[in-house]
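Examination of the molecular architecture
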Amino acid sequence: MTGRGTQWWVAIRRWAARVRAATAITIAQLRHHRFRLGLAIIGVALAVLSMTLLAGAGMGVIDTGHQQFESADRDLWVTAGETRLTTAGGGGFENSLYNSRTVASEMESHEDVQHAIPMAFQTIYVGTEPTADFETFVGAGVSGGGPSVQVTEGERFSGDTYYANGSYDGERTNEILLDEETAATLDVDIGDTLYVGGTLSAARDTEVTVVGFSPTFERMLGTSTVVMPLSELHEATGETRTEPATFITITLADGADAETVQADLELSHPEYQIQTNQEQLESVLQEQALVLAAGAALVVLAIGAGVALTFNLLALVVYQQREAVAALTAQGVSSSLLIGSIIGQGLAIGFAGGLLGVVLTTPAVELLNQIAAAVVGFDGLVQTSSDILLGGFAIALVVGTIAAIVAGWRLSRTKPLDIL
């Protein structure tokens, strides 16, 4: 072996000896302070958990919005301007597209349009008895044509016959659909009778029958809904003259190009906004800019708090060892060896805490989703992915190591006698 090779081999052996010595000190410190070690690992795990859950919530909100618009099975959405959310009656949209029946009929005359269906959302009163207390729900009105409502149990509407080409004197169906949560709240089943109306007096005089269960609009709005034929909703709310709708949904014929039809309809109806699924989703979300900004701020805050908590935890762990480190320094143990042992502790705590946080994320997500489904009606509102999990673990590992390096360096700069 050459002289240079011998020098490299000696350097490697010295480095390996230092690593073994630092590792031994690290293990001894961790074993001696098990309770402190457990608290530090739990603290790092909670920091990681807060980051993964908030990031999963932000991702889930956007993804849920995409799913709701995609599951609506519509190609284009027609509005009279911005689609504004309202909190009236538990949630919904404002109705600003007037003479919706006429507009829908004109658009349906396009050769590539298969169905143009106006939909309205209005707060209505619902009760089980004319003399009982009434509750407010979001009433969803839909006209006939196309798969506008998914029915999971029971039957669909028998039609929208009351409209009678705009005369509103046809035969009433007196049928409604409920989501299962609303049915449970009212304690009714398919075939039971309810009383509905836009005012309390109208509700007491309007008897309807539950014909089926539908989750369609509960999923779209995230609140309990009562679904009626559009003409009967307009009659119940006294809006048969203006026929307002929240939007008109358009389903295209097979093979039709959505952008081409969109351009044609915009040319013939310049007073309306005609958007694709993606554009409509963005339009709704823009109305909630403050909510989204707050959500983004929470994610940033969670990451910052997680980093700060992890850093401070490791700094505290090192600070509590200052007397032991000072004693070792006084005995002649080198600063580099002590710093290496502290870095080892940072790695160990960051690794264990990050791993625990990642493991706890999945059951925590399931629990939060159960709560979200019960409260707002959305399934899978909090989501996670391998990128989020790896990111949380990496932050714990990297920040833990950096915190240990900084704390160890600061401690090594302090004179042992000052501590002892």
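Residues numbered from 1 in each chain as written. Predicted model: local features only at pLDDT ≥ 70, side-chain atom pairs only at ≥ 80, totals over all residues. Heavy atoms only, no water.

Brief notes about the pattern of salt bridges
For the structure on display, the rule yields two salt bridges. One salt bridge in this structure joins Arg101 and Asp160, with 2.6 Å as the shortest N-O distance. You can see Arg101 sitting in helix H3 (residues 100-108) and its partner Asp160 sitting in the loop between strand E6 (153-154) and strand E7 (175-178), a full 59 residues away along the chain. Neither residue differs from the other here; Arg101 and Asp160 are each classed as buried. A salt bridge links Arg172 to Glu232; the nearest nitrogen and oxygen atoms lie 3.7 Å apart. Here Arg172 is found in the loop between E6 and E7, whereas its partner Glu232 is found in helix H7 (residues 230-236), with 60 residues between them in sequence. On the basis of relative accessibility, which here comes to 1%, the residue Glu232 falls in the buried class. (Salt bridge = Lys/Arg side-chain N within 4 Å of Asp/Glu carboxyl O. Helix = DSSP H or I, 4+ residues; strand = E, 2+ residues; numbered from the N terminus. Buried < 20%, exposed > 50% of the residue type's maximum accessible area, 1.4 Å probe, protein only.)

A look at the packing of aromatic side chains
Applying the stated rule across the entire model yields five aromatic pairs. Aromatic pair Tyr163 and Tyr168: ring centres 5.4 Å apart, planes at 90 degrees, arrangement edge-to-face. With respect to burial, Tyr163 and Tyr168 carry one shared label: buried. Among the aromatic residues, those joined into a cluster by ring pairs are Trp77, Phe121 and Phe247. The ring of Tyr163 has Arg101 sitting right over it, with the charged end atom 3.9 Å from the ring centre. Here the basic side chain of Arg172 rests over the ring of Tyr162, its NZ or CZ set 5.3 Å away from the ring centre. (Phe/Tyr/Trp six-rings, centres within 6.5 Å; stacked < 30°, edge-to-face > 60°. Lys NZ or Arg CZ within 6 Å of the ring centre and 35° of its normal.)

Things to note about the nonpolar core
Val126, Ile176, Leu178, Leu194 and Val226 are the most contacted members of the largest nonpolar core, which totals 18 residues. Ignoring any residue separated from it by four or fewer positions in sequence, one finds Ile176 in contact with Phe157, Leu194, Val208, Thr209, Val210, Val211, Gly212, Val226, Val227 and Met228. (Core = buried A, V, L, I, M, F, W, Y, C linked by side-chain atoms within 4.5 Å. Contact = heavy atoms within 4.5 Å.)

Section: a negative patch on the surface
Together, Glu153, Glu180, Asp187, Asp189 and Asp192 give the surface a local cluster of negative charge. Tracing the backbone through its elements, the reader meets Glu153 in strand E6. Taking the relative accessible area as the measure of exposure, Glu153 reaches 42% and is therefore partly exposed. (Patch = residues over 30% accessible without salt bridge, like charges linked within 9 Å, V, L, I, M, F, W, Y side chains within 5 Å. Areas by Shrake-Rupley, 256 points an atom, 1.4 Å probe, with all protein chains shown as cover. Lys, Arg positive; Asp, Glu negative; His and termini not counted. Charge placed at Lys NZ, Arg CZ, Asp CG, Glu CD.)

A look at a nonpolar patch on the surface
Taken together, Ile42, Leu46, Leu356 and Leu360 make up a surface patch of nonpolar side chains, about 330 Å² in accessible area. Taken together, the elements giving at least two residues each to the nonpolar patch come down to helix H2 (34-71) and helix H12 (335-376). When you line up the elements, Ile42 lands in helix H2.

This is a description of form; function is not addressed.
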